[in-house]
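The residues making up each chain are set out below.
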Amino acid sequence: MSLSKTLLVAFFLLATSVVAKAAEPKELVFLSWPDYMDPEILKEFEQRTGITIKQSYFDSDTARGELLLETEGKGFDVALINGASIRILAKRGWLEPLDELSIPNLKHVDPRFRTAFEKAEDFGVPYFWGTLGIVYRQDLVPFPVTSWMDLLQPVKQIHGKVSMIGDSADMIGVALKALGYSLNSTAPQELREAESLLQAQAPAVKTYRYISLNENSALLTGQLAMSMMYNGDTRMLQEYNENIAFVFPKEGGNIWTDYLSVLSASPKKAAAKRFISFLNEPEIAARLAQYVYYATPNKAAEALLPEDFRNDPVIYPSEETLKNFETYQRLPPRAQKNRAAIFSRIVY
């Protein structure tokens, strides 16, 4: 080969390499709950791929839905979606289809979580599952908490020290369960009763925002004494204060599954899928479960977890504990509109 041809080939290879590197994404935007990801795991992904993960946060499923509605699903690459919302977002065309060809480590995930919600198998990869209950300060509440009514009709000593999750499904759901109804009820009279219960509670509520899980949490400082909370989050707070207790209310509650989804508007879909598959490497998924204190749907990762973690009754509640718990179901549009109106009258 002549010198000129050799130089031409070398130039072409160099140019191709530069273009390829320029095309590689340097950053993915991940829409998630706060304190729901191990920073060390994100660093490891960056070390392996050169891609940094920028996290953007929401503090309720309702807030995440409103954010995606405002942006029409744009501006994010990967998002955490609760199971009940996947069908709605997929119908809008905002979610990218996912399968084992694009997410190889999906093979490790328990199939029952993949199909737990409508359209979840096509548009989401199970992240964690858990339940909703009550967290409280045993040194500030003068009795053992057992019921949603302990939160919804709080004793005078803790008025102004009660917190609720500002999510329409969760708030209305717990009120319905407290009254002995299904959290998926569409009966107008039952919903009116639930609204009345929440309205009567409102003067005792300090905030409808989710409690922070760091050392400055209002539950640790004593500004709050009782709140709704997702089960695993309690374990984070208990690292700071042994008076923090969690209870599964006797009336039951919600069993949820969170899913990792790729936004269809993302220009970085291949990298986003690579990130989701990375999170489902068994060793990575096991480390992440222990960081966030939640039950993993990844069967291969579950086998790597310490026995005391797998036997933790808060993280892995028994079938007997969950006998009165339900998953959220698809509701008719009129029922959804009614609930949204109830939520607005209470929170805003």
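Residues numbered from 1 in each chain as written. Predicted model: local features only at pLDDT ≥ 70, side-chain atom pairs only at ≥ 80, totals over all residues. Heavy atoms only, no water.

Here we look at the overall build of the protein chain
Of regular secondary structure, the protein chain possesses 16 helices and 9 strands. For 348 residues, the compact-globule estimate of 2.2 N^0.38 gives 20 Å, and the C-alpha radius of gyration of the protein chain, at 23 Å, lies within 12% of that figure. Considered along the principal axes of its C-alpha atoms, the protein chain spans approximately 90 × 45 × 35 Å. By the burial criterion, 53% of the 348 residues in the protein chain qualify as buried. Here the contacts in the protein chain between residues at least 6 apart in sequence split such that 74% fall between residues at least 24 apart. Of the roughly 16,100 Å² that the protein chain leaves accessible, carbon and sulfur atoms contribute 53%. Here the protein chain contributes 37 positive and 42 negative side-chain charges, whose respective centroids are spaced 6 Å apart. (Helix = DSSP H or I, 4+ residues; strand = E, 2+ residues; numbered from the N terminus. Rg over C-alpha atoms; globule rule 2.2 N^0.38 Å. Buried < 20%, exposed > 50% of the residue type's maximum accessible area, 1.4 Å probe, protein only. Contact = heavy atoms within 4.5 Å. Areas by Shrake-Rupley, 256 points an atom, 1.4 Å probe, with all protein chains shown as cover. Lys, Arg positive; Asp, Glu negative; His and termini not counted. Charge placed at Lys NZ, Arg CZ, Asp CG, Glu CD.)

Overview of the pattern of salt bridges
Within this structure, the stated rule accounts for 19 salt bridges. Across the pair Glu 40 and Lys 43 runs a salt bridge whose closest N-O atoms are separated by 3.4 Å. Taken as a pair, Glu 40 and Lys 43 lie in helix H2 (residues 39-49) at a separation of 3 residues, close to a single helical turn. On the basis of relative accessibility, which here comes to 44%, the residue Glu 40 falls in the partly exposed class. Taking the shortest distance from any N to any O, the salt bridge between Glu 100 and Arg 114 comes out at 3.4 Å. Residue Glu 100 is located in the loop between helix H4 (83-91) and helix H5 (111-114), and its partner Arg 114 is located in helix H5; the two are separated by 14 residues in the primary sequence. For Glu 100, a relative accessible area of 40% translates into the label partly exposed. Here the salt bridges share partners, and the residues they tie into one network are Glu 44, Arg 48, Glu 281, Glu 283 and Arg 287. (Salt bridge = Lys/Arg side-chain N within 4 Å of Asp/Glu carboxyl O.)

A few points about the packing of aromatic side chains
Taken as a whole and judged by the stated rule, the model has 20 aromatic pairs. Site record: aromatic cluster; members linked through ring pairs are Trp 33, Tyr 36, Phe 58, Tyr 127, Phe 128, Tyr 210, Tyr 230, Trp 256 and Tyr 294. When the ring centre of Phe 58 is taken as origin, the NZ or CZ atom of Arg 64, which lies over that ring, is 5.5 Å away. (Phe/Tyr/Trp six-rings, centres within 6.5 Å; stacked < 30°, edge-to-face > 60°. Lys NZ or Arg CZ within 6 Å of the ring centre and 35° of its normal.)

A short note on the layout of surface pockets
A volume near 1,200 Å³ is recorded for the largest pocket. Ala 84, Ser 85, Ile 88, Ser 168 and Gln 336 are the residues nearest the centre of the largest pocket, which is lined by 39 residues in total. Listing elements by their share of the lining of the largest pocket, those giving two or more residues are helix H3 (61-71), H4, helix H8 (168-178) and helix H16 (333-347). Reported here for the second largest pocket is a volume of approximately 300 Å³. (1 Å grid on protein atoms, 1.4 Å probe; cavity = no way out; pocket = protein on both sides within 12 Å on 5 of 7 lines; lining within 4 Å. Points joined across faces, edges and corners; volume = space filled by probe spheres on them.)

Description of helix H11 (residues 231-238)
Counting buried positions along H11 yields 7 of 8 residues, so the element is predominantly enclosed. Among all positions in H11, only Asn 231, Gly 232, Asp 233, Thr 234, Arg 235, Met 236 and Leu 237 are buried. Contacts from the buried residues of H11 go to strand E4 (125-137), helix H10 (218-221), strand E7 (226-230), strand E8 (244-247), strand E9 (255-262) and helix H13 (282-292).

Thoughts on unusual backbone geometry
At Glu 72, a residue that is not glycine, the phi angle is positive and equals roughly 55°. With respect to the helices and strands, Glu 72 occurs in the loop between H3 and strand E3 (78-82). Taking relative accessible area as the criterion, Glu 72 reaches 47% and is therefore assigned partly exposed.

So, the side chain of Ser 261
Position of Ser 261 relative to the elements: it lies in strand E9. Here Phe 123 takes part through its backbone oxygen, which lies 2.8 Å from a polar atom of the side chain of Ser 261. (Polar contact = N/O pair within 3.5 Å; in protein donor to acceptor, adjacent residues only side chain to side chain.)

Topic: empty space enclosed by the protein
Within this structure, the stated rule accounts for 1 cavity of 30 Å³ or more. Volume-wise, the largest cavity comes out at about 70 Å³. Together, Val 109, Pro 126, Tyr 127, Phe 128, Leu 260, Leu 279, Asn 280, Ala 285, Leu 288, Thr 296, Pro 297 and Asn 298 line the largest cavity. Of all the secondary structure elements, the ones that give two or more residues to the lining of the largest cavity are E4 and H13. Taken together, the residues of the lining of the largest cavity break down into 9 nonpolar, 3 polar and no charged. (Nonpolar A, V, L, I, M, F, W, Y, C, P; charged D, E, K, R; others polar.)

Some remarks on the environment of Glu 44
Relative to the helices and strands, Glu 44 resides in helix H2. Separated by 234 residues in sequence, Glu 44 and Phe 278 place their C-alpha atoms 9.9 Å apart.

Thoughts on the pairing of E3
Most of E3 sits inside the fold, with 5 of its 5 residues counted as buried. Alternating positions in E3 separate into two faces, Val 78, Leu 80 and Asn 82 on one and Ala 79 and Ile 81 on the other, with burial throughout. Direction of pairing for strand E1 (residues 27-32) relative to E3: parallel, over a ladder of 2 bridges. Along E3, the bridge assignment pairs Phe 30 with Val 78. In the sheet, E3 pairs with E9 via 5 bridges, with the strands oriented antiparallel. Following the sheet pairing, Val 78 is matched in E9 by Val 262. (Pairing = 2+ DSSP bridges.)

Comments concerning the packing of H8 against helix H9 (residues 188-201)
Think of two packed helices as two axes; the pair is described by the angle between the axes and how far apart they sit. Contact geometry of H8 with H9 gives a least axis separation of 9 Å together with a crossing angle of 105°. With respect to H9, the element H8 is oriented roughly perpendicular. Of the residues in H9, those in contact with Met 171, Ile 172, Ala 175, Leu 176 and Ala 178 of H8 are Glu 190, Leu 191, Ala 194, Leu 197 and Leu 198. The residue inventory of the contact of H8 with H9, partitioned by class, reads 9 nonpolar, no polar and 1 charged. (Axes fitted to C-alpha atoms, helices over the stretch in contact; angles between N-to-C directions. Parallel < 35°, antiparallel > 145°, perpendicular 65-115°, else oblique.)

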